[in-house]
Amino acid sequence: AANIASGDGVLVGNIFGISVLDAVAGDEVEIATVGVYELPKLSTAVIAQGDRVAWNSSTGKVVVPATGMFPLGVATLAAGNGTATIKVRLDGIATVAA
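For every chain, the first residue of the written sequence is number 1, and numbering continues from 1 along that sequence. Note on the predicted model: pLDDT of at least 70 is required for a residue's local features to be given, and 80 or more for side-chain atom pairs to be given and counted; whole-chain, interface and lining totals, by contrast, use all residues. Neither water nor hydrogens contribute to the side-chain values; these are computed over all heavy atoms in the structure.

Caption draft 1: Up close: the overall build of the chain. Numbered from the N terminus, helices here are DSSP runs of H or I no shorter than four residues, and strands are runs of E no shorter than two. The helix and strand inventory of the chain stands at 0 helices and 9 strands. The size measure is the radius of gyration over C-alpha atoms, and the globule rule it meets is 2.2 Å times the number of residues to the 0.38 power. The C-alpha atoms of the chain give a radius of gyration of 13 Å, which matches the 13 Å a tight globule of 98 residues would have. For the chain, the spread of C-alpha atoms along the principal axes amounts to about 35 × 25 × 20 Å. For every residue, the accessible area (1.4 Å probe, protein chains only) is compared with the maximum for its type, and the residue is labelled buried under 20%, exposed over 50%, or partly exposed between those bounds. Going through the 98 residues of the chain one by one, you find that 34% of them count as buried. Any two residues whose heavy atoms approach within 4.5 Å are treated as being in contact. A separation of at least 24 residues holds for 49% of the contacts in the chain among residues at least 6 apart in sequence. In the structure as shown, the chain presents an accessible area of about 5,300 Å², 54% of it carried by carbon and sulfur atoms. Positive and negative side-chain charges of the chain, numbering 5 and 8 respectively, have mean locations separated by a distance of 14 Å. Accessibility throughout is a Shrake-Rupley quantity obtained with a 1.4 Å probe, and a residue counts as covered only by protein chains that appear here. We treat Lys and Arg as the positive residues and Asp and Glu as the negative residues; His and chain ends play no part in the count. Just so you know, the charge point we use is NZ for Lys, CZ for Arg, CG for Asp and CD for Glu.

Encoded structure:
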């Protein structure tokens, strides 16, 4: 229900992926759900390499999994306090409405 830029994290229902192209609200957008992507991370989150990670749709950032957070995949590199991004491995591909 919003404009999406290429490279943005997109969560629709139970599908999470990275937008392949820019899209206007209401248009379809192809999202990649497999591969390793550098995503914004809650800067205070401390995540070790190999840890499971989740998406906080309220902030649009990767976090340590907690109740109400959408599971994303696995951190491929560690990212400590003060780090703004993290590399995450996702699985799959889909097309959804923006």
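Next, the rest of the story.
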